[in-house]
Amino acid sequence: MTNPMYPRIFLIGYRGSGKTTVGRVLADRLGWSFVDADVLLEARAGKTIARIFAEDGEPAFRDLESKILAELAARAQHVIATGGGIILRPANRSLLHDSGLVAWLQVSPGLAWERMQADPTTRDRRPNLTPAGGLLEVQTVLTAREPLYREAAHAAFPAERSPELLAADILHVWNGGTTSRS
Ligand SMILES: Nc1ncnc2c1ncn2[C@@H]1O[C@H](COP(=O)(O)OP(=O)(O)OP(=O)(O)O)[C@@H](O)[C@H]1O
Ligand SMILES: O=C(O)C1=C[C@@H](O)[C@@H](O)[C@H](O)C1
Ligand SMILES: [Mg+2]
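Calculation rules
Residues numbered from 1 in each chain as written. Chains lettered and ligands numbered in written order. Predicted model: local features only at pLDDT ≥ 70, side-chain atom pairs only at ≥ 80, totals over all residues. Helix = DSSP H or I, 4+ residues; strand = E, 2+ residues; numbered from the N terminus. Buried ≥ 20, exposed ≤ 12 C-beta atoms within 10 Å, placed from the backbone. Near = placed C-beta within 6 Å. Nonpolar A, V, L, I, M, F, W, Y, C, P; charged D, E, K, R; others polar. UniProt positions renumbered as here; feature names shortened; annotations may be inferred. Contact = placed C-beta atoms within 7 Å.

Student: Even after reading the chapter, I still don't get the environment of alanine 132, so can you show me in this structure?
Tutor: Mapped onto the elements, alanine 132 comes out in the loop between helix H7 (120-123) and helix H8 (134-152). The class of alanine 132 is partly exposed, set by 13 C-beta atoms lying within 10 Å. The spatial distance from the C-alpha of alanine 132 to the C-alpha of proline 147 is 22 Å, given a sequence separation of 15 residues.

Student: Is there a simple way to explain the site of ligand 2 in this structure?
Tutor: In the region of ligand 2, the neighbouring residues are Arg15, Asp38, Ile49, Gly83, Gly84, Gly85, Arg126, Pro127 and Leu129. Looking at side-chain class alone, the shell around ligand 2 contains three nonpolar, three polar and three charged residues.

Student: Looking at this model, I keep getting lost on the UniProt feature "binding site: ATP" (unreviewed entry) in the protein chain. Mind explaining?
Tutor: Following the UniProt record, the feature "binding site: ATP" (unreviewed entry) maps to Gly16, Ser17, Gly18, Lys19, Thr20, Thr21, Arg126 and Arg161 here. Across 146 residues in sequence, these annotated residues place their C-alpha atoms as far as 24.7 Å from one another, rather than forming a single compact spot. Inspection of the secondary structure puts serine 17 in the loop between strand S1 (9-12) and helix H1 (19-30). Overall, serine 17 belongs to the buried group, with 29 C-beta atoms counted inside 10 Å. Within the fold, threonine 21 resides in helix H1. Judged by the 20 C-beta atoms lying within 10 Å of it, threonine 21 is buried.

Student: Any chance you could explain unusual backbone geometry here in plain terms?
Tutor: Residues other than glycine predominantly adopt negative phi, and peptide bonds predominantly adopt the trans conformation. Despite not being glycine, glutamine 77 has its phi angle at roughly 50°, a positive value. Structurally, glutamine 77 is set in the loop between helix H4 (58-72) and strand S3 (78-81). Judged by local crowding, glutamine 77 falls into the partly exposed class, with 14 C-beta atoms found within 10 Å.

Student: I would appreciate a short explanation of the UniProt feature "binding site: substrate" (unreviewed entry) in the protein chain in the present structure.
Tutor: As annotated by UniProt and renumbered to match this structure, "binding site: substrate" (unreviewed entry) occupies Asp38, Arg62, Gly84 and Arg145. Structurally, aspartate 38 can be placed in helix H2 (residues 37-45). Among residues more than four places away in sequence, those in contact with aspartate 38 are Ile49 and Gly83. Considering the arrangement of structural elements, one finds arginine 62 in helix H4. Ignoring sequence-local partners within four residues, the contact set of arginine 62 consists of Leu88 and Arg89.

What follows is the structure in structure tokens.
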């Protein structure tokens, strides 16, 4: 399937919002490829994101993240799950918005934290972003980032819905349908 207005779809949102899960379902429905920017970044760096933060620092990670985004923003017919902090840099927000449909999976801090703790594939590979860590970190960081997700996104989707429903809703918007932006 093609839509010249949106040759690719980006999923943005906090950790645990469901970008990887929903992205896979969506790519399947479109007959597109799925790529997870965090996974690609770790493969390129040859180490986990936690190690990149510890050994090279967050700014080095953010540079790598922007580089990977520029590469992925040139791939057609891809559903792209981004890292939770991709919206921090203004240049990333513009690139996302101008390169494809940007779907924001909007999650509450409580649900994000619950899912982050329950997910063994990412739990130990991701660093804390603040000294506090835990639910307090999620509450603080997510609240601070809300306007940035909103700015980058074309549409917002409530992350507590099922992956199948979310994929169908995103597909509807990609096809030119409307949804409310909260
Ligand atoms: N819509 C959903 N309904 C129920 N559970 C979900 C949903 N989306 C994701 N999950 C579960 O929540 C956990 C985190 O999901 P997922 O890895 O897709 O989130 P993510 O946004 O990609 O997170 P990260 O930024 O850490 O990669 C997984 O265990 C997944 O099975
Ligand atoms: O929210 C963030 O800043 C991050 C989210 C993850 O997806 C990773 O990209 C990394 O752990 C940073
Ligand atoms: Mg993911």
